[in-house]
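For reference, the chains in residue letters:
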Amino acid sequence: MRLLGSVRSLEALVYRLEHTQQFRNESGADLGSCKMLSVSGKRDRRTIRFHKTALPLLNTLHPAALEQYLALSGGHRFSSSTGHVQRNHRVAETLAMCMGAGIEFRPYALPVLQKQRIAQVVPPAPALYIAKSLKHLDSTEMNKTIFTRLTGALFAHETCWAVYNTRSAVMKWSGMGEFKTAQHLAELARMNAGIPQADHALLLGECIDIALRTMEESDKSRRMELRFDRIYPHIHFIPLNWQGIRLLRILTLPDWNEQLLSAVFPSEWRAASPGIIEHDAQRDGIFILSHLDGDLARLLRLRQALEHSETPCEVLCFPWQTVFVRDYLGGRAGLREVTMDALEDALGLTDPEDSDPHKEVPP
């Protein structure tokens, strides 16, 4: 709920919708009465779902809405096992983040992906395909991806992002599942969007410490090809909060990387080539890396380079990233902060205060 807006207001809404209500469509036509929602479980397994009597209302949203819902929910059946409940929560949180960032995620509103020919299937605007819709393309892909933590694939302006939500747990990359998933996504991106590779991933998590612990866990891998930074050369940490929603909105802009770097660096500072160390700009002999995109893999490569070099460098980051970056780099680089407000102003984005759904409103 905290990702959707005022928790107090939403709790009151859920309570009302647990009781029978009369519903009408936008034109005032009577749709009948029913309970819209049901709540089950306790503590971290507490779950809000559609009530079975409300399912016909999905037909008022879209002709395919009910059919898609029944297909993805197994006919309105849900396992009570902890693993299934937690996975459903991870997917729900991911969809809430996408909704806040203006990303289309409704399965019935998206063209169906295919693997028969190369075509422009995905829509031009950012769109998230949830993992279940990817896994059921054919039986062989189900076997490849059934054990992964993938929550979806985000297509946005010639980039295919693999989306993971680790919540409060450390992501462990210890098997072939994620490697095969990356290959599967690359094929889908090529066949449905003309994107030659899927080398970006989004790692959603409850706090920045999860990113640090995930990186440290990856350092323990005995198989270099299965490290998360080898599977995905770019993996961006997105916190499960309003700051993360704002960052997600930036990462789904057209040509987002060029827009971001142009907004924070003068053209004369920009790096003309990769160079001997990960960096985006150079000033007075100091190499500068932008961590405003939350790219953990580049930060990892920077730390590895600094272990064998005395090259002076700086890292550009948001205030909420500062402690994490300082701890991870061990003070080997200077830090310079940029506020999200300043970056959004430079990018010409709408003031997020105008659309922040997390403000408390009068009851």
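Residues numbered from 1 in each chain as written. Predicted model: local features only at pLDDT ≥ 70, side-chain atom pairs only at ≥ 80, totals over all residues. Heavy atoms only, no water.

Some remarks on the overall build of the chain
Move 1: Within the chain one finds 13 helices and 13 strands.
Move 2: Relative to the compact-globule value of 21 Å for 363 residues, the chain shows a C-alpha radius of gyration of 22 Å, a close match.
Move 3: If you line up the chain on its principal axes, its C-alpha atoms span 70 × 50 × 40 Å.
Move 4: The burial tally for the chain puts 47% of its 363 residues in the buried class.
Move 5: When the accessible surface of the chain is summed, it comes to about 18,300 Å², and 52% of that surface belongs to carbon and sulfur atoms. (Helix = DSSP H or I, 4+ residues; strand = E, 2+ residues; numbered from the N terminus. Rg over C-alpha atoms; globule rule 2.2 N^0.38 Å. Buried < 20%, exposed > 50% of the residue type's maximum accessible area, 1.4 Å probe, protein only. Areas by Shrake-Rupley, 256 points an atom, 1.4 Å probe, with all protein chains shown as cover.)

Focus on the packing of aromatic side chains
Move 1: Across all of its chains, the model carries six aromatic pairs by this definition.
Move 2: Relative to Phe-155, the ring of Tyr-129 has its centre 5.9 Å away and its plane inclined at 90°; by these criteria the two rings are edge-to-face. Within this pair, whereas Tyr-129 is found in strand β5 (residues 127-130), its partner Phe-155 is found in strand β6 (residues 150-155), the two being separated by 26 residues in sequence.
Move 3: Taking the relative accessible area as the measure of exposure, Phe-155 reaches 3% and is therefore buried.
Move 4: Ring geometry for Tyr-164 and Tyr-232: centres 6.1 Å apart, planes at 65°, overall edge-to-face. Of this pair, Tyr-164 sits in strand β7 (residues 160-167) while Tyr-232 sits in the loop between α8 (228-231) and β9 (234-239), and the two are 68 residues apart along the sequence.
Move 5: Geometry around Phe-78 places Arg-49 over its ring, the cationic atom sitting 4.3 Å from the centre. (Phe/Tyr/Trp six-rings, centres within 6.5 Å; stacked < 30°, edge-to-face > 60°. Lys NZ or Arg CZ within 6 Å of the ring centre and 35° of its normal.)

Focus on the confidence of the model for the chain
Move 1: With 90% of its residues at a pLDDT of 70 or more, the chain shows a mean pLDDT of 87.
Move 2: Every residue in residues 358-363 is under pLDDT 50, and counting partners more than four places away or in other chains gives 15 contacts. (pLDDT = per-residue confidence, 0-100. Contact = heavy atoms within 4.5 Å.)

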